[in-house]
Amino acid sequence: MIAVVDVNDGPAAQPDPPHSHPHEQVSYVASGEILVIIGEEKTRLSEGTCSRFLQMYPHTIQTLSKPRASH
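Along each chain, residues carry numbers from 1 onward, in the same order as the chain's sequence is written. Totals for whole chains, interfaces and linings use all residues, but because this is a predicted model, local features are given only for residues with pLDDT of at least 70 and pairs of side-chain atoms are given and counted only at 80 or more. Think of the side-chain values as coming from all heavy atoms in the structure, minus any hydrogens and water.

Draft legend 1. Layout of the pattern of salt bridges. Just to be clear on terms, a salt bridge is a Lys or Arg side-chain nitrogen sitting within 4 Å of an Asp or Glu carboxyl oxygen. Inspection of every chain in the model, using the stated rule, returns two salt bridges. Put simply, Arg44 and Glu33 hold a salt bridge, and the shortest N to O gap is 2.7 Å. Placement of the pair is Arg44 in strand 4 (residues 41-46) and Glu33 in strand 3 (residues 33-38), with a sequence separation of 11 residues. Exposed residues in this analysis have more than 50% of their type's maximum accessible area, buried residues have under 20%, and partly exposed residues fall in between, with area computed by a 1.4 Å probe over protein chains only. Owing to a relative accessible area of 56%, Arg44 belongs among the exposed residues under this scheme. Numbering of helices and strands starts at the N terminus; helices are DSSP runs of H or I of at least 4 residues and strands are runs of E of at least 2.

Set out below in structure tokens:
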């Protein structure tokens, strides 16, 4: 599964609840900044970066940036 992350809310005080999938996932950050939490590992991602989530492995994100301004 491929997911595109475009932060339109945040920053969040806490991460979303952890979850897992029966398939691998790659997430691309189109805009904004997030904290990716995979198990105990935390990685800060910003626009133009991506992360890989293994199947059935708990993961979550926390939005770190404010919504981008409308044009």
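Draft legend 2. Seen up close, the pairing of strand 4. For two strands to count as paired, DSSP must find a minimum of two bridges between them. The pairing of strand 3 with strand 4 spans six bridges and is antiparallel. Across the sheet, Ile37 pairs through a bridge with Lys42, a residue of strand 4. The antiparallel pairing of strand 3 with strand 4 creates a hairpin that spans two residues between the two strands, and Gly39 there sits at a positive phi of about 65 degrees.

Draft legend 3. Here's a closer look at the nonpolar core. Membership of the largest hydrophobic core is limited to seven residues, which are Val5, Val7, Val29, Ile34, Val36, Leu45 and Phe53. Any two residues whose heavy atoms approach within 4.5 Å at even a single point are treated as in contact. If we skip the residues at most four places from it in the chain, Val5 touches Ser27, Tyr28, Val29, Ala30, Ser31 and Ile34. Residue types Ala, Val, Leu, Ile, Met, Phe, Trp, Tyr and Cys, when buried and joined through side-chain atoms within 4.5 Å, form a set referred to as a nonpolar core.

Draft legend 4. Molecular detail of the sheet that holds strand 6 (residues 59-63). Pairing in this open sheet of three strands is antiparallel, and the strands run 4-3-6 from one edge to the other. Where the open sheet ends on each side, the last strands, each with one partner, are strand 4 and strand 6. Pairs of neighbouring strands in the sheet enclose a mean axial angle of 25 degrees, with direction left out of account. Angles run from 0 to 180 degrees between N-to-C directions of axes, and those axes are lines fitted to C-alpha atoms, restricted for helices to the stretch in contact.

It is worth stressing that arrangement in space is one thing and function is another; only the former is reported here.
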